[in-house]
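Tertiary structure, described
What follows is each chain in one-letter form.
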Amino acid sequence: MSSYVDIYTEHFGLSQRPFTLVPNPEFLFWSGAHRRAYTILEYGLITHAPITLITGEVGAGKTTLLHYLLTHLERDVTVGLISNAHGDRGELLRWILHALSQKTEPAATYVDLFHQFQAFLVEEYAQGRHTVLIFDEAQNLSRESLEELRMFTNINANSDELLQLVLVGQPELRDLVLRPDLTQFAQRVAAAFHLTAMDAPTVETYISHRLRVAGATTRIFGVKACALIHKATGGVPRLVNQLCDLSMVYAFTANRKRVTESLVQQVLDDGVFFASGATNLREQTDEH
């Protein structure tokens, strides 16, 4: 498999694959929306916002922003990253304490766990650090869990900011927070941003950026090919990566050095780009 990848990259004169699905900070692309989203993340942390909310579609680049944020935090910040937390409030506390590298006793009650959590926050604060809990895939949190998180922010007293929450998730998270029975939670959200998909010009720039980072010195994707990729993916970065990678495989197989609109259409027609909205594109985009 590795030898195939070597041939694939060598064919296009690249040092590495430009369109992998694994987040890679080396390929970080700052679209206007991503810059604004990151600014809101920084704003929330700098101003000690009790709760910061970042939402966006699947594959929009939220996790990539989180990884970048984690590598650029100040040393006076203690971070707990929680992904796909679920369960009752006691289990939520166990998820949190585990993310903070704190051992818990199996027989510990909710009161025991909360006391341990609060003591940890106070100790970190005494050492000149404040704690940030980041919940990825937060749309999976229940209404009860969100209400519990709101109660955690009550630990902050007066000007002493011991705890901040950052919730990152799909658009359903925003809908959940806006429910009438979560009004008190919504009022604690001091910074929020919804990360939208890329428009057509941004997709073209994004593709060129990733190819350049991978070592490309000439243009590989044509303008019309980029436009079709935008229409087929809706401008979602993860889907753009997938379709671009498949298109380059097709170009390599056909011994071509450029990816054309017709070649991208062939990928779509063959059904190998298995993503919602990728079917019936010929009727929608047939301009020739």
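Let me sum up the structure you'll find in this document. (Residues numbered from 1 in each chain as written. Predicted model: local features only at pLDDT ≥ 70, side-chain atom pairs only at ≥ 80, totals over all residues. Heavy atoms only, no water.)

Considerations on the packing of aromatic side chains
Tallied over the full model, the rule gives 9 aromatic pairs. Relative to Phe221, the ring of Phe19 has its centre 5.9 Å away and its plane inclined at 75 degrees; by these criteria the two rings are edge-to-face. Residue Phe19 is located in the loop between helix H1 (2–12) and helix H2 (32–46), and its partner Phe221 is located in the loop between helix H9 (200–213) and helix H10 (223–233); the two are separated by 202 residues in the primary sequence. In this structure, Phe19 and Phe221 share a single accessibility class: buried. On the basis of an interplanar angle of 25 degrees and a centroid distance of 6.2 Å, the ring pair of Tyr110 and Phe114 is categorised as stacked. Placement of the pair is Tyr110 and Phe114 together in helix H5 (residues 110–126), with a separation of 4 residues, close to one helical turn. (Phe/Tyr/Trp six-rings, centres within 6.5 Å; stacked < 30°, edge-to-face > 60°. Helix = DSSP H or I, 4+ residues; strand = E, 2+ residues; numbered from the N terminus. Buried < 20%, exposed > 50% of the residue type's maximum accessible area, 1.4 Å probe, protein only.)

Topic: the state of the cysteines
For the structure on display, the rule yields 0 disulfides. The closest cysteine sulfur to the non-disulfide-bonded Cys226 is located on Cys244, 6.9 Å from its own sulfur. (Disulfide = S-S within 2.5 Å.)

Comments concerning the environment of Leu263
Tracing the backbone through its elements, the reader meets Leu263 in helix H12 (residues 261–269). A residue is classified by how much of its surface remains accessible, and Leu263, at 5% relative accessible area, is buried. For the pair Leu263 and Met248, spaced 15 residues apart in sequence, the C-alpha to C-alpha distance is 9.1 Å. Non-local contacts of Leu263, meaning those with residues more than four positions away in its chain, are made with Ser247, Tyr250, Ala251 and Arg256. (Contact = heavy atoms within 4.5 Å.)

So, the pattern of salt bridges
This model, assessed by the stated rule, comprises 6 salt bridges. Here Arg17 and Asp245 are joined by a salt bridge, their closest N and O atoms 2.6 Å apart. Remark: Asp245 occurs in helix H11 (residues 237–253) and Arg17 occurs in the loop between H1 and H2; sequence separation between them is 228 residues. According to the relative accessible area criterion, Arg17 is partly exposed, its value standing at 29%. For Asp245, a relative accessible area of 13% gives the class buried. (Salt bridge = Lys/Arg side-chain N within 4 Å of Asp/Glu carboxyl O.)

Details of the sheet that holds strand E1 (residues 51–56)
Read from one edge to the other, the open sheet built from 5 strands follows the order E2-E3-E4-E1-E5, with strand pairing classed as parallel. Each edge of the open sheet carries a strand with a single partner, namely strand E2 (77–83) and strand E5 (189–195). Averaged over all pairs of adjacent strands, the angle between their axes in this sheet comes to 15 degrees, without regard to strand direction. As paired elements, E2 and strand E3 (residues 130–136) share 7 bridges and run parallel to each other. By the bridge assignment, Val79 is partnered in E3 with Val132. (Pairing = 2+ DSSP bridges. Axes fitted to C-alpha atoms, helices over the stretch in contact; angles between N-to-C directions.)

Concerning the packing of helix H4 (residues 89–99) against helix H6 (residues 143–152)
Here H4 crosses H6 at 60 degrees, and the two axes come no closer than 10 Å. Considering their axes alone, H4 and H6 lie oblique with respect to each other. For the crossing formed where H4 meets H6, the hand is right-handed. Contact residues: Arg89, Leu92, Leu93 and Ile96 in H4; Ser145, Glu148, Leu149 and Phe152 in H6. (Parallel < 35°, antiparallel > 145°, perpendicular 65-115°, else oblique. Left-handed = near helix turned anticlockwise from the far one by under 90°.)

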